[in-house]
Amino acid sequence: MKILMTNLTKMVNHSDGVAKVVCAFANEMVKRGHEVSIIHSDEKEGNFFFYLDESIKTYNANKNADGSIVKRPVYLKALRELLRPINRRKAQLVNRDYDEKTLVRNIKRYIDELKPDVIVSHQPEGSMFLLHNLKVNIPVLTMSHGLPKKVFDEKEAYALEHSVVFQLLSPSFEQHINTILPKVKTVIIGNSVPQFDFSADLESEKEQYKIIYVGRLNKNTKRPHLIVQALAKLKDKYPNWVVELWGEKERQTYYVELEHLIKSNNLQNRVFLKGTTNNVPKVLREADIFAFPSFWEGFGLALAEGMSAGLPAVGFKTCPGVNELIKDGESGYLCEDNLEAFTNALDKLMTDRLLRVKMGRAAKESMKQFAPQKNWDKWENLIVNAVKDI
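Basis of the calculations
- Residues numbered from 1 in each chain as written.
- Predicted model: local features only at pLDDT ≥ 70, side-chain atom pairs only at ≥ 80, totals over all residues.
- Heavy atoms only, no water.
- Buried < 20%, exposed > 50% of the residue type's maximum accessible area, 1.4 Å probe, protein only.
- Patch = residues over 30% accessible without salt bridge, like charges linked within 9 Å, V, L, I, M, F, W, Y side chains within 5 Å.
- Areas by Shrake-Rupley, 256 points an atom, 1.4 Å probe, with all protein chains shown as cover.
- Salt bridge = Lys/Arg side-chain N within 4 Å of Asp/Glu carboxyl O.
- Helix = DSSP H or I, 4+ residues; strand = E, 2+ residues; numbered from the N terminus.
- Pairing = 2+ DSSP bridges.
- Right-handed = clockwise from strand over helix to strand, strands pointing away.
- Phe/Tyr/Trp six-rings, centres within 6.5 Å; stacked < 30°, edge-to-face > 60°.
- Lys NZ or Arg CZ within 6 Å of the ring centre and 35° of its normal.

Student: In this structure, what is going on with unusual backbone geometry? I would like to understand it.
Tutor: Both trends apply: most residues other than glycine have a negative phi, and most peptide bonds are in trans. Within the chain, K135 stands out as a residue other than glycine whose phi angle is a positive 50°. Even without being a glycine, N266 presents a positive backbone phi close to 55°. In this structure N266 comes out as exposed when scored by relative accessible area, which is 57%.

Laid out in structure tokens, this is it:
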């Protein structure tokens, strides 16, 4: 079967969770004997950050037939920033309106060339281009990698209602969609979480213990600065604890803020900005606590991988995509969304090695429900049945 995947966000040297899922999904379908292609959207050329089977062909929707790269005009960014405090929705539509006029023609060219049997669209906006703008007569399955919008406009609603199915990550997300878009056919499939054949060593006494964070260095959503601030409060009580922040730098200004925060609290030898890694299992194996202070998440794939490695976790009870992974008091702590509560939760784990061991074991066990084989079987069945039903 010829499967086309569309992910109209960055993939070139990009290490976020969506890019990771796209590559893992594509690789798995190739293993199962399908022919897979990917349409992405990048303003530069280069290799994907995550491994991709060499048989998978990739096509850049930002690349015109003459080989030139479509780059959004600089004024669009200024317009977005002007609109953001006034009307966030209008700010979000600035790029979409431009993309409708530019990317759609390239997407059509690739579809005409590839002639896929089925399309897996990795976001509702991509499905909108396919089903509303291009009116493709190919079955489209739409994925959601995050918290669904509270409101979908007419074009987006059309696309979701004409998708074979709209996949969501959790029951609460499905309930939301069923309420606002009752005509949409939904299915719950969580992200696939690696089932590591090891557990972090939490039982041994060590000269140094480690709190880790893995994810984008993003100020408003991911908020790793809260971990730095928490350690600043606990540093004297726990002199043999360090923090490692692993992830892609998103904005230089925030990165500089993190550096200043570390320096101003005399944590240069205690908090380390590690950048990205292609060996996440090694990072997890050497840790003791997984700290994840996100404001919101779709699923929290990095968190789930940490828990699968047997790490107790700390997050916020108000954060979707986190509060459905961590079981408060069992596999970690869910606390109120403030620095004091977050610090106290870390304190409880840092002071009690046996508690870390107990919660780490519970965390690893709880991630078995997201074993890759189960999820990929569900996806393959959906894809095969979508083609059969034409």
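Let us keep going from here.
Student: Would you explain a nonpolar patch on the surface in this entry?
Tutor: On the surface, L147, F295 and W296 cluster together into a nonpolar patch covering about 290 Å² of accessible area. With respect to the secondary-structure elements, L147 resides in the loop between β5 (140-142) and α5 (154-161). Using a relative accessible area of 41% as the deciding quantity, one classes L147 as partly exposed.

Student: Just to check I follow, could you spell out the pattern of salt bridges for this structure?
Tutor: Two side chains with opposite charge may pair up if their charged atoms get near one another. Scanning the entire structure with this criterion turns up 23 salt bridges. Among the ionic pairs, R72 bridges to D99, the shortest N-O distance being 2.8 Å. Of the two residues, R72 sits in the loop between β3 (57-60) and α2 (74-83) while D99 sits in helix α3 (residues 88-114), which places them 27 residues apart along the sequence. Residue class for D99 comes out buried when judged on its relative accessible area of 5%. The partner of E286 in a salt bridge is K282, with the nearest N and O atoms 3.0 Å apart. Relative accessible area serves as the criterion here: at 37%, E286 is assigned to the partly exposed category. For K282, a relative accessible area of 44% puts it in the partly exposed group. In this structure, a network of salt bridges that share partners links the residues E28, K31, R32, D377 and E380.

Student: It is not clear to me how the pairing of strand β9 (residues 241-246) should be interpreted in this structure. Could you clarify?
Tutor: Look at any regular strand and the pattern is simple: side chains alternate between the two faces of the sheet. Across the six residues that make up β9, a large majority, six, are buried. On β9, burial covers both faces: W241, V243 and L245 on one face and V242, E244 and W246 on the other are all buried. Both strand β8 (residues 209-214) and β9 contribute to a ladder of six bridges, which runs parallel. Directly across from K210, in β9, lies its bridge partner V242. In the classification by handedness, the crossover that spans β8, the intervening helix α7 (residues 225-234) and the parallel β9 is right-handed.

Student: Honestly, the packing of aromatic side chains in this entry has me stumped. Any pointers?
Tutor: The way to describe two aromatic rings as a pair is by their centre distance and the angle between their planes. Evaluation of the coordinates by the stated rule reveals 10 aromatic pairs. Residues F25 and W379 carry aromatic rings whose centres are separated by 5.2 Å and whose planes lie at 50° to one another, so their mutual orientation is tilted. Separated by 354 residues along the polypeptide, F25 in helix α1 (residues 17-31) and W379 in helix α13 (residues 372-388) bring together distant segments of the chain. With respect to class, F25 is no different from W379; both count as buried. A centroid spacing of 5.1 Å and a plane angle of 90° characterise the contact between F299 and F370, whose relative ring orientation is edge-to-face. Taken together, the residues span a long stretch of sequence, with F299 in the loop between β11 (289-291) and α10 (301-308) and F370 in the loop between α12 (353-366) and α13 at a distance of 71 residues. Among the aromatic side chains, those forming a connected cluster through ring pairs are F25, W376 and W379. Stacked on the ring of Y255, the Lys or Arg K249 has its end atom at 4.5 Å from the ring centre. Just above the ring of Y333 sits the side chain of K348; from NZ or CZ to the centre is 4.9 Å.

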